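Overview (structure and organization)
These are the residues of each chain, in order.
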Amino acid sequence: MSDPYDPIEAAMRNLNNANALAAEQAKGKAMLYAGNELARVLDDIAQVGQLDAIAKAVVIATIAKWNRAKTGQL
């Protein structure tokens, strides 16, 4: 049984909580980087001019949706 007043156990709980928070922050940064890279590549593809109108519209809409998502405007 755990002792809520044990300073070692409290320190370990805090360490585990900090590690979980750092992992979530790292995951968020990785997702942001991946999304930005994908948007950059899609923008390059849209600029080439080899897409038909429907494909270009889909690419542009995807970039716009990513930009709204990363700023929390979904």
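Located above this text is the structure these notes cover.
We now turn to the structure provided with this report. (Residues numbered from 1 in each chain as written. Predicted model: local features only at pLDDT ≥ 70, side-chain atom pairs only at ≥ 80, totals over all residues. Heavy atoms only, no water.)

Side note on a nonpolar patch on the surface
Taken together, the side chains of Ile8, Met12 and Leu15 define a hydrophobic patch exposed on the protein surface, amounting to about 310 Å² of accessible area. Mapping Leu15 onto the fold places it in helix H1 (residues 7-48). With relative accessibility at 44%, the residue Leu15 sits in the partly exposed group. (Patch = residues over 30% accessible without salt bridge, like charges linked within 9 Å, V, L, I, M, F, W, Y side chains within 5 Å. Areas by Shrake-Rupley, 256 points an atom, 1.4 Å probe, with all protein chains shown as cover. Salt bridge = Lys/Arg side-chain N within 4 Å of Asp/Glu carboxyl O. Helix = DSSP H or I, 4+ residues; strand = E, 2+ residues; numbered from the N terminus. Buried < 20%, exposed > 50% of the residue type's maximum accessible area, 1.4 Å probe, protein only.)

What about the nonpolar core?
Ranked by size, the top nonpolar core spans five residues in total: Ala39, Leu42, Ala46, Val59 and Ile63. If you list the elements that add at least two residues to this core, you get H1 and helix H2 (53-70). With three residues, the single largest contributor to this core is H1. Discounting chain neighbours no more than four positions away, the residues touching Ile63 are Ala39, Leu42 and Asp43. (Core = buried A, V, L, I, M, F, W, Y, C linked by side-chain atoms within 4.5 Å. Contact = heavy atoms within 4.5 Å.)

Some thoughts on H1
When the terminal C-alpha atoms of H1 are compared, their 62 Å separation across 42 residues agrees well with the 62 Å that a helix rising 1.5 Å per residue should span. Against the buried residues of H1 lie H2. Where H1 begins, the capping side chain belongs to Asp6, and its oxygen is found 3.3 Å from the backbone nitrogen of Ile8. Where H1 ends, the next residue or the one after it, Gly49, has phi of about 90°, a positive value. (Expected span 1.5 Å × (residues − 1). Polar contact = N/O pair within 3.5 Å; in protein donor to acceptor, adjacent residues only side chain to side chain.)

A look at the environment of Thr62
Note on placement: Thr62 falls in helix H2. A residue is classified by how much of its surface remains accessible, and Thr62, at 38% relative accessible area, is partly exposed. Sequence spacing of Thr62 and Asp52 is 10 residues, and the spatial spacing of their C-alpha atoms is 16 Å.

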